[in-house]
Amino acid sequence: MTFALSQNQNAVKYWTPIAFSRLFIYLTANILRTTIRKIFGRTPKGQALHEGIMVQLLRLMMGGSVLNVAQSRTMMNFSNSIVHLKTGTFLQSSKDKWATPVKGQGWKGFWIPFKDQVNKDQLKKDLSKKHTVADIGSGCDIVMFAIHGGGMVMGDALMFLSSYRAWMKVLQQKHNLKIGVLSVEYTLSPEAPFPGALNECVAAYKYLIEHLGVDPRRVVMCGDSAGGNLCLTTALKIRDDYPSVGVPAAQVLFSPWVMCPKPLKDNLDDYISVTGGTLFVEAYTQNQAKVHTSPYASPIQSATLAGMPRMQIFIGGVETLRPSIERFIVKATAEGVEIETHLKEGKSHDYPLIEEISGAKVVREAHELIAKFVARVRDDYIGTVKV
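Residues numbered from 1 in each chain as written. Predicted model: local features only at pLDDT ≥ 70, side-chain atom pairs only at ≥ 80, totals over all residues. Heavy atoms only, no water.

(A) Structural detail: a nonpolar patch on the surface. Where nonpolar side chains cluster on the molecular surface, the patch consists of Leu32, Ile36, Ile39 and Phe40 and spans about 460 Å² of accessible area. Mapping isoleucine 39 onto the fold places it in helix 1 (residues 17–39). (Patch = residues over 30% accessible without salt bridge, like charges linked within 9 Å, V, L, I, M, F, W, Y side chains within 5 Å. Areas by Shrake-Rupley, 256 points an atom, 1.4 Å probe, with all protein chains shown as cover. Salt bridge = Lys/Arg side-chain N within 4 Å of Asp/Glu carboxyl O. Helix = DSSP H or I, 4+ residues; strand = E, 2+ residues; numbered from the N terminus.)

Shown next as structure tokens:
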């Protein structure tokens, strides 16, 4: 079956009065249900009411039962704009100060060079500097190779720019370590289904190592959800088909989508639903059996995970993907992969990246854990790099 943007036949493709009515009804019903569940103590322990409501807003965007893919993209773009407004990068000119568009053969993305956020005068100078693709990997100890999530069908390479900036600052303050971030802007599905996004990520990684000469021991991949899938499958592809390139030193994964063949079970306290998950899988795989079973789409089905980089994996306690992620961790650990796991009870999908559903304290704690992990990678593999 061929997947199209209007796959959900019950969804209205364009923003008509009917579409807005459905939105209003869904939001009202779910906000009411969340409020009642909160009153009777049925929501996750420690979750504030506004956090529960935000989860439901995200569930609307990612759930696949009310909005089609085109509408979900619009909603995510709007949501990302709000975050950029909050963090001071709403205008394109403000984004340009932090991120430089870059591209190579078969890929494109953004290079976010190290900026000194501790010294205000130096930060002002750093923000005024111009960069090119040739600058990727320079001026930093570690390159974070970032792949965003969004179910392979939505999102963009700068949607977590505020997180990258936060990691940069913590690593500088606490560990005297400089990072730069290469964030890949892969082509979304269903316009470019499997292996489109994978091929672009592999091309970007190979360009980083082979063309720019960055030592893979200086590279830490990071990705959330579908981006976590692409981190895993990119590393598998490099391990299997391009061993001379070398896998990265490590991976930081947030709620990685390992595409486990076992069925998912809905959790009302998470914003990823079975319906939404099915929508994303169909968009990326086009329902082709050979893709469903390929380890380069479903990394949990790899014959072996031996030889994969060490990993730091964050899991929300109530997230729909939790059982599949835990199965992946069991398999990877049994096959010799070093994994540091952080499970946060009561939290949803991608909780370390979204303050609105997790709270500022939880997100800050995650930033500290990421910084410690990246610092250990630097110390274990290369020591302090001279830049």
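(B) Spatial organisation of the packing of helix 2 (residues 49–62) against helix 3 (residues 69–87). Relative to each other, helix 2 and helix 3 sit at 140°, their axes nearing to 8 Å. In terms of axis orientation, helix 2 runs oblique to helix 3. Each of Leu60, Met61 and Met62 in helix 2 lies in contact with helix 3, whose residues at this interface are Ser72, Met75, Met76 and Ser79. Partitioning the contact of helix 2 with helix 3 into residue classes produces 5 nonpolar, 2 polar and no charged. (Axes fitted to C-alpha atoms, helices over the stretch in contact; angles between N-to-C directions. Parallel < 35°, antiparallel > 145°, perpendicular 65-115°, else oblique. Contact = heavy atoms within 4.5 Å. Nonpolar A, V, L, I, M, F, W, Y, C, P; charged D, E, K, R; others polar.)

(C) Representation of unusual backbone geometry in the model. Of the consecutive residues serine 189 and proline 190, the connecting peptide bond is found in the cis state with omega at 5°. Looking at the secondary structure, you find proline 190 in the loop between strand 4 (179–184) and helix 7 (196–211). Here the residue pair phenylalanine 194 and proline 195 is connected by a cis peptide bond, since its omega of 5° sits within 30 degrees of zero. Within the secondary structure, proline 195 sits in the loop between strand 4 and helix 7. In this structure, asparagine 176 takes a positive phi of about 50° despite not being glycine.

(D) A look at the side chain of aspartate 156. Structurally, aspartate 156 can be placed in the loop between strand 3 (142–147) and helix 6 (161–175). Among buried Asp, Glu, Lys and Arg side chains, aspartate 156 stands out as unpaired, with lysine 95 the closest opposite charge at 7.7 Å. Within polar-contact distance, the side chain of aspartate 156 engages the side chain of asparagine 80 at 3.5 Å. At 3.1 Å, the side chain of aspartate 156 and the backbone nitrogen of methionine 159 are in polar contact. Excluding its chain neighbours within four sequence positions, the residues that come into contact with aspartate 156 are Asn80, His148 and Glu185. (Buried < 20%, exposed > 50% of the residue type's maximum accessible area, 1.4 Å probe, protein only. Lys, Arg positive; Asp, Glu negative; His and termini not counted. Polar contact = N/O pair within 3.5 Å; in protein donor to acceptor, adjacent residues only side chain to side chain.)

(E) Representation of the environment of isoleucine 31. Residue placement: isoleucine 31 occurs in helix 1. In this structure isoleucine 31 comes out as partly exposed when scored by relative accessible area, which is 31%. A sequence separation of 22 residues divides isoleucine 31 from isoleucine 53, and the C-alpha atoms of the two residues are 5.8 Å apart.

(F) Local environment of the UniProt feature "domain: Alpha/beta hydrolase fold-3" (unreviewed entry) in the protein. The positions that UniProt labels "domain: Alpha/beta hydrolase fold-3" (unreviewed entry) are, in the present scheme, residues 145–351. Here residues 145–351 runs as 37% helix and 16% strand, with 20 Å between its end C-alpha atoms. (UniProt positions renumbered as here; feature names shortened; annotations may be inferred.)

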